[in-house]
Structures are given as structure tokens and as C-alpha cells.
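Structural overview for review
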Amino acid sequence: MKIGYDLYHIQEELIYELLEYAKTKKVRLIHLRKKDDMYQFYIPTYQRYLLKGLSYPVQYLKTEGLWKYIFFLSKQYLNIIGVLVFFISVLISSFLIFDVRIKGTMTEVNEDMKVSLKNENIDIMKPLQSYEKLNEILLHFKELYKDQVEYINIYQTGSVFHIEYTKRTQEEVKEDDYRNIYAKKDGMIQSLDVKSGLSVVKKNDYVKKGDLLVENTIISTQNKTKIIPVEGHVYAYTFNQYEASIPDVKQDSAEAFYELLLKIRSQLPTQAVIDKENVLQMTRTRSKITLKMHYTLIEDIAVKGEENEENLET
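Attention in this report is confined to the structure presented alongside it. All values derive from a computational prediction rather than experimental measurement.

Attention now goes to helix α6 (residues 253-265). Taking 1.5 Å per residue, 13 residues should reach 18 Å; α6 reaches 18 Å between its end C-alpha atoms and fits that length. Within α6, 10 of the 13 residues are buried, leaving the element largely enclosed by the surrounding structure. All buried positions along α6 are accounted for by Ser 253, Ala 254, Ala 256, Phe 257, Tyr 258, Leu 260, Leu 261, Leu 262, Ile 264 and Arg 265. Capping of α6 at its N-terminal end is provided by Asp 252; its side-chain oxygen lies 3.0 Å from the backbone amide nitrogen of Ala 254.

Put into C-alpha cells, the structure is as follows:
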């Protein structure tokens, strides 16, 4: 039986929705590429009914047979032998983990991570994980090792499972810290958790880096000034752009997108909470694929200023 492929195209601004839909419905997007202000892609003919569930326009162009499609690909990869070698190598390396590598300086943490990975069914000759599962493991490990690890990234390259992390620098605990709290970056105040000190901002205020948030000076009812310790957290919506790139080895665009998304998420501050996540641009050149994302995060923007030398009492 001759298997066919349908060729479609979709507007550039709808590519993120298409990728999300393809992931949910398990639609095989083949040879996704940008052409002018549109994206073109193939899907197997037997999956064409899945596109009927789309709520945005996707235009059908034509149907091509299997051998014609392989011949079309062979022109892109120079010859049919290259195509066959590519598909065979993908089949061999796309199912099992051949190596687990942990890059970090803490031996005890490394050993504990190996045990935690086995509990997640991550080991040599175990199945490779989906990008959704990798993201779940990344979030779990961030929480599990938050007291020891400052930065952590989890990813797969070929059949190798990688964990990279950096040791957390322990902060010195001080008593009676009289320094004011300032904003370490721009943002809009989301909430305040001030245990000591006088808040000079309120919810929904927009602040810039360096603005005073909580001060150490209060005026008593007798109109006398007193310096008090300052302690607390100030959470704000912050607006950030991140990008990541990977080598273009002619991989499926949906898989490349989720690999890049996972790579970008690993760059986010450990304690930050994602409020909004939007795709800005995904580009593909002859040598690499780049994804740009915009994030609205909820972060603790509080940072202590210079310590006061005076400690006035009433």
C-alpha cells in the first residue's frame, strides 16, 4: 500500500499553537520549515482527520506519495544514502539511555541524585524521557536540592542523560540587620511579606532597580525617630526575555522546540514562579535553531542596602 503525506501551511504567528496541538494530539509534523510569512509542514495522510479539531486556519496544499517524499528529502541531504543513514541512526538512538552524566562538585549530592534518578526510572538501558517528563524531573530536583544547589539543568543529547548543577553559596545569617531593603530589578509589586521595618510601597506599585522598598526609620507618636531592624521579602512581577540555541541536525521541529523550551526554563531563577510564558520567535538557520521567549515571573526583588551605623532609641 502506498503511504502518502499531506502538505499544509499555516500563518507564522500560529506556529506555537500548532506545536501545542500536535503535542497534545500526537500529530507527526514532518519537515516543518518557514517560507516567507508561513510555515509549511507534512503530516501522514492517515492523520489528516486530526487537523479537523483545530480552531484556527491551516491550509491544505497537496498530497505526495512516500517515495516521492523520500526523494524530496534526499535532495536536502544530498543523497538517498544520507537519508537512510540519518533515519537508521535516529531509530537506534531514540529509544534507550546509554549513559547518565552528572556534572557537579558535591560527591554526596551526586550519589543522592543517582538514587533519585533511579526512582524516576532514569538509568542505563532505560527508555529516553519525553520533554514533558524532563521538565517534571527538573522542577522536582530544583525543589529537592534547593538548599544545596544554586543552578540545575537536566537534558538529553542523543542517548546521553545529563544533569548539571552549581553549588549554592551559603548566606550568613545576621541578627538585627538595620539595612534598608531596595529593589534589585524593575517590576510591579505582587505582594509584601515584611516582618520588621516600614514598607514604603504597596501592591501594584511599579518600582525600578534601586528604589527603596522597606526602610528602617519610624516616627513614634512623640514625633521621635527610631531606627529598627529590617526583615522581609518583597515579591514583584518581573518581565524578562530569554533565548537558547541548539545545533540544527535536521531534527523534528516540535522536538527541537521542546528541547529549547526546557533549556530556557533551566535558566530561570530557582525560586521564581512563572506567571506568563510567551513565544517571541523561533528561527532556524543552516547551523542552529534559536528560540526566544518572554516570561512574566514572580520574584523576590528585595536586596539589602548599606547598613546604618546609628541605632536611635526613643
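To continue, consider the sheet that holds strand β18 (residues 302-304). Spatially, 4 strands are ordered β10-β12-β8-β18 in an open sheet, and the strand pairing comes out antiparallel. The sheet is open, and its two borders are formed by β10 (198-199) and β18, each paired with just one other strand. Relative to strand β12 (residues 212-215), strand β8 (residues 181-183) runs antiparallel, the two being bridged by 2 bridges. Note that in β12 the partner of Ile 181 across the bridge is Val 214.

This next bit is on unusual backbone geometry. Here Asn 121, not a glycine, exhibits a phi torsion of approximately 65°, which is positive. Checked against the element boundaries, Asn 121 lands in the loop between α4 (107-119) and α5 (131-144). In this model, Met 125 sits at a positive phi of 70°, which is unusual for a non-glycine residue. Inspection of the secondary structure puts Met 125 in the loop between α4 and α5.

Okay, the nonpolar core next. Met 113, Phe 141 and Ile 163 are the most contacted members of the largest nonpolar core, which totals 57 residues. Filtering out sequence-adjacent residues up to four positions away, Met 113 remains in contact with Ile 102, Phe 141, Tyr 145, Val 149, Ile 152, Ile 163 and Tyr 165. The next biggest cluster of nonpolar side chains, apart from the first, holds 12 residues, and it includes Val 207, Val 214, Ile 301 and Ala 302.

Turning our attention to the environment of Gln 129. Position of Gln 129 among the secondary structure elements: in the loop between α4 and α5. In the structure, Gln 129 is positioned 26 residues away from Tyr 155 in sequence and 9.4 Å away in space, judged by C-alpha atoms.

Under the criterion given, the structure shown has 15 salt bridges. With its nearest N and O atoms 2.9 Å apart, the salt bridge here joins Glu 12 to Lys 34. Pair noted here: Glu 12 is in the loop between β1 (4-11) and α1 (15-25) and Lys 34 is in strand β2 (residues 30-35), with a separation of 22 residues, a long-range link. Using a relative accessible area of 28% as the deciding quantity, one classes Glu 12 as partly exposed. Between Lys 133 and Glu 120 there is a salt bridge, with its nearest N and O atoms 3.3 Å apart.

Before going further, it helps to examine the pairing of strand β16 (residues 273-284). On a regular strand, one side chain projects to one face of the sheet and the next to the other, so that they alternate. Looking at chain direction, β16 and strand β17 (residues 288-300) are connected through 10 bridges and run antiparallel. Note on β17: the bridge partner recorded for Val 279 is Met 293. The loop that links β16 with its antiparallel partner β17 comprises 3 residues.

Glancing now at a nonpolar patch on the surface. A cluster of nonpolar side chains, contributed by Phe 98, Ile 124 and Met 125, occupies part of the molecular surface with about 300 Å² of accessible area. Summarising the element assignment, Phe 98 is placed in the loop between α3 (80-93) and β5 (99-103).

So, on to the environment of Ala 183. Within the fold, Ala 183 resides in strand β8. With 52 residues separating them along the chain, Ala 183 and Tyr 235 place their C-alpha atoms 9.8 Å apart. Not counting the four nearest positions on each side in its chain, Ala 183 is found in contact with Val 207, Lys 208, Lys 209, Gly 210, Asp 211, Leu 213, Ile 301 and Val 303.

On to the side chain of Thr 238. Its place among the elements puts Thr 238 in strand β15 (residues 231-247). On the accessibility criterion, Thr 238 (0% relative accessible area) is buried. Only 3.1 Å separates the side chain of Thr 238 from the side chain of Asn 240, close enough to count as a polar contact. When residues no more than four places from it in sequence are discounted, the contact partners of Thr 238 are Lys 185, Asp 186, Tyr 295, Thr 296, Leu 297, Glu 299 and Ile 301.

A sheet is described by the order of its strands in space; here 3 strands give the open sequence β5-β7-β6, paired in mixed fashion. Whereas interior strands pair on both sides, the edge strands pair on one side only; in this sheet they are β5 and β6 (149-157). Going from strand to strand, the sheet's axes swing by 10° on average, the running direction of each strand aside. Bridge count for β5 against strand β7 (residues 160-167) is 5 bridges, and the pairing is parallel.

What follows concerns a negative patch on the surface. Taken together, the side chains of Glu 13, Glu 17, Asp 36 and Asp 37 define an acidic patch exposed on the protein surface. Its place among the elements puts Glu 13 in the loop between β1 and α1.

Analysis parameters
- Residues numbered from 1 in each chain as written.
- Predicted model: local features only at pLDDT ≥ 70, side-chain atom pairs only at ≥ 80, totals over all residues.
- Heavy atoms only, no water.
- Helix = DSSP H or I, 4+ residues; strand = E, 2+ residues; numbered from the N terminus.
- Expected span 1.5 Å × (residues − 1).
- Buried < 20%, exposed > 50% of the residue type's maximum accessible area, 1.4 Å probe, protein only.
- Polar contact = N/O pair within 3.5 Å; in protein donor to acceptor, adjacent residues only side chain to side chain.
- Pairing = 2+ DSSP bridges.
- Core = buried A, V, L, I, M, F, W, Y, C linked by side-chain atoms within 4.5 Å.
- Contact = heavy atoms within 4.5 Å.
- Salt bridge = Lys/Arg side-chain N within 4 Å of Asp/Glu carboxyl O.
- Patch = residues over 30% accessible without salt bridge, like charges linked within 9 Å, V, L, I, M, F, W, Y side chains within 5 Å.
- Areas by Shrake-Rupley, 256 points an atom, 1.4 Å probe, with all protein chains shown as cover.
- Axes fitted to C-alpha atoms, helices over the stretch in contact; angles between N-to-C directions.
- Lys, Arg positive; Asp, Glu negative; His and termini not counted.
- Charge placed at Lys NZ, Arg CZ, Asp CG, Glu CD.

In short, geometric facts, not functional conclusions.
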